[in-house]
Amino acid sequence: MSKPQLLIDTDPGVDDALAILMAHAHADVLGLTIAAGNVGLGHTVRNARTLVDLVETATPIFAGCPTPLVRMPEEDAVHVHGVDGLGDIGFAEPKAVASDEHAAQAILRLTREHPGLTLVALGPLTNLALALRLDPTMPQRVTRLVVMGGAVTGQGNTGKIPAEFNVGFDPEAAHVVFEAFPRFDLVDWEATLRHAFTDEAFDGWLAAGDKRAAFFAQVFGTARAFNRQRGRRGVIAADALAMAVALDPGIVTRSEQRYVAVELDGRLTRGATVVDWMGRLDRPANARIVMDVDQARFAALVRRALGA
């Protein structure tokens, strides 16, 4: 069976790093398009270069938007991922080099050169929204869009109570993407909480793995400590869960087909994902909301990516 072809839009951080390791272990990665989000664009691009060095590939890297489309962000995720986005370990200057082509242009070009690819969005959706404004026909060339974002019952992880970080960082971009794609898979924050790994199991994989596991064990400390301070149990791997859905569509055991929109104006709710659970808006469903996955298959994908 041929490997799936993935184009990954991301803002590497720690959980993005695990997802990128998974992609390179299981798929043909056509490129990494990079946005600001968890940390600033300079750091996220450098982190992508560090990861490409680690997996020893020539995966192209494309720097994208340094800010959201409209408003400056109200918060970043330095407190979770470290100032540099990879736990402030102080890695050496990576050898991999980012392309001069802008991420939005690269998205359009690669979807033309590889029609039928799977697009995996792990960060704020700024680059995708800009690409859609340049070429609204882009969704016709994408077989699947998998988005890690949102909080479908309002249990977010930002200063805006209902909002999840990726959507809340650039709500206008998420609005553009959700309205443009007739159907996408949504892996929301609440699903990632339900699918955390036990500390014991994950520590075993790190101990049994290769240099990828050693790398992840280094960078994961800051995020792990933050989650423990917040009373979150186990190892929460948000972007890894979205990547698992992208790599293995059959991993989904329960989903809901609903229309999902993004709140742009609310004083307390800006960036919230609003789900029409009862069909009151009479709009066709645009999202397959992933509710549950086969946890053993998810674990197997992660273990292989760590060399365990």
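Preceding this paragraph is the structure being described.
Given the structure is predicted, the values throughout are model-derived calculations rather than measurements.

Caption draft 1: A look at the overall build of the protein chain. For the protein chain, the count of helices and strands is 13 helices and 10 strands. The C-alpha radius of gyration of the protein chain comes to 18 Å, within 12% of the 19 Å expected for a compact globule of 308 residues. With the C-alpha coordinates of the protein chain rotated into their principal frame, the extents come out at 50 × 40 × 40 Å. Each of the 308 residues in the protein chain was classed as buried or not, and the buried ones make up 57%. Looking at the protein chain alone, contacts between residues at least 24 apart form 82% of all its contacts between residues at least 6 apart. One way to put it: in the protein chain the 30 positive side-chain charges average out to a point 3 Å from where the 37 negative ones average out.

Caption draft 2: Region of the structure containing the nonpolar core. If you look at the biggest cluster of nonpolar residues, it comprises 70 residues, and the most contacted ones within it are Met 22, Phe 202 and Met 243. Residues contacting Phe 202, with those up to four places away along its chain left out, are Leu 18, Phe 197, Phe 216, Phe 220, Val 235, Val 302 and Leu 306.

Caption draft 3: Inspection of the packing of helix H5 (residues 126–134) against helix H7 (residues 171–180) at higher detail. Between H5 and H7, the shortest axis-to-axis distance is 8 Å and the interhelical angle comes to 55°. One finds that H5 runs oblique with respect to H7. Where H5 crosses over H7, the handedness of that crossing is left-handed. Along its contact with H5, which presents Thr 126, Leu 128, Ala 129, Leu 132 and Arg 133, the element H7 presents Ala 173, Val 176, Val 177 and Ala 180.

Caption draft 4: Structural context of the side chain of Asp 248. Structurally, the position occupied by Asp 248 is in the loop between helix H12 (238–247) and strand S7 (252–258). A relative accessible area of 19% places Asp 248 in the buried class. Setting aside chain neighbours within four positions, we find Asp 248 in contact with Arg 297 and Leu 301.

Caption draft 5: Geometry of the sheet that holds strand S2 (residues 28–34). Strand order in the open sheet formed by eight strands is S3-S2-S1-S4-S5-S6-S10-S7, and the pairing between neighbours is mixed. On the outer flanks of this sheet lie strand S3 (61–63) and S7, each paired with one strand and no other. When the angles between neighbouring strand axes are averaged without regard to direction, this sheet yields 25°. With five bridges joining them, strand S4 (residues 117–121) and strand S5 (residues 142–148) adopt parallel strand pairing. Note on S5: the bridge partner recorded for Thr 118 is Arg 144. Strand contacts of helix H2 (residues 41–55): S2 and S3, with the helix running at about 160° to S2, the strand carrying the most contacts. Relative to S5, H12 is tilted by about 160°, and along the sheet it contacts strand S1 (5–10), S4, S5, strand S6 (184–187), S7 and strand S10 (287–293).

Caption draft 6: Just the pairing of S4, in detail. Buried residues dominate S4, accounting for five of its five residues. Relative to S4, S1 is paired through four bridges, and the arrangement is parallel. Across the sheet, the residue bridging to Leu 7 is Leu 119, located in S4. Considered for its hand, the β-α-β crossover made up of S4, H5 and S5 is right-handed.

Caption draft 7: Summary view of the packing of aromatic side chains. Counted according to the given criterion, the structure contains 10 aromatic pairs. Consider the rings of Phe 91 and Phe 215, whose centres lie 5.0 Å apart with planes at 25°: the pair is stacked. Residue Phe 91 is found in the loop between helix H3 (78–81) and helix H4 (103–113), and its partner Phe 215 is found in helix H10 (residues 211–219); the two are separated by 124 residues along the sequence. Here Phe 91 falls in the partly exposed class, since its relative accessible area comes to 22%. Phe 215 sits in the buried class, given a relative accessible area of 5%. Ring plane angle 25° and centroid distance 5.1 Å describe the contact between Phe 216 and Phe 220, whose orientation is recorded as stacked. With respect to burial, Phe 216 and Phe 220 carry one shared label: buried. A connected cluster of aromatic rings, assembled from ring pairs, spans Phe 197, Phe 202, Trp 205, Phe 216, Phe 220 and Phe 298.

Caption draft 8: Structural detail: the pattern of salt bridges. Evaluated as defined, the whole model comprises 18 salt bridges. Here Asp 210 makes a salt bridge to Arg 212, at a shortest N to O gap of 2.8 Å. Connected through shared salt-bridge partners, Arg 46, Arg 49 and Glu 93 make up one network.

Caption draft 9: Representation of the packing of H10 against helix H13 (residues 295–306) in the model. Look at H10 against H13: their axes get within 6 Å of each other, and the N-to-C directions meet at 100°. Taken together, the axis directions place H10 and H13 in an arrangement best described as roughly perpendicular. Residues Arg 212, Ala 213 and Phe 216 of H10 form the contact with H13, whose own contacting residues are Arg 304, Ala 305 and Leu 306.

Reading the values: the criteria
- Residues numbered from 1 in each chain as written.
- Predicted model: local features only at pLDDT ≥ 70, side-chain atom pairs only at ≥ 80, totals over all residues.
- Heavy atoms only, no water.
- Helix = DSSP H or I, 4+ residues; strand = E, 2+ residues; numbered from the N terminus.
- Rg over C-alpha atoms; globule rule 2.2 N^0.38 Å.
- Buried < 20%, exposed > 50% of the residue type's maximum accessible area, 1.4 Å probe, protein only.
- Contact = heavy atoms within 4.5 Å.
- Lys, Arg positive; Asp, Glu negative; His and termini not counted.
- Charge placed at Lys NZ, Arg CZ, Asp CG, Glu CD.
- Core = buried A, V, L, I, M, F, W, Y, C linked by side-chain atoms within 4.5 Å.
- Axes fitted to C-alpha atoms, helices over the stretch in contact; angles between N-to-C directions.
- Parallel < 35°, antiparallel > 145°, perpendicular 65-115°, else oblique.
- Left-handed = near helix turned anticlockwise from the far one by under 90°.
- Pairing = 2+ DSSP bridges.
- Right-handed = clockwise from strand over helix to strand, strands pointing away.
- Phe/Tyr/Trp six-rings, centres within 6.5 Å; stacked < 30°, edge-to-face > 60°.
- Salt bridge = Lys/Arg side-chain N within 4 Å of Asp/Glu carboxyl O.

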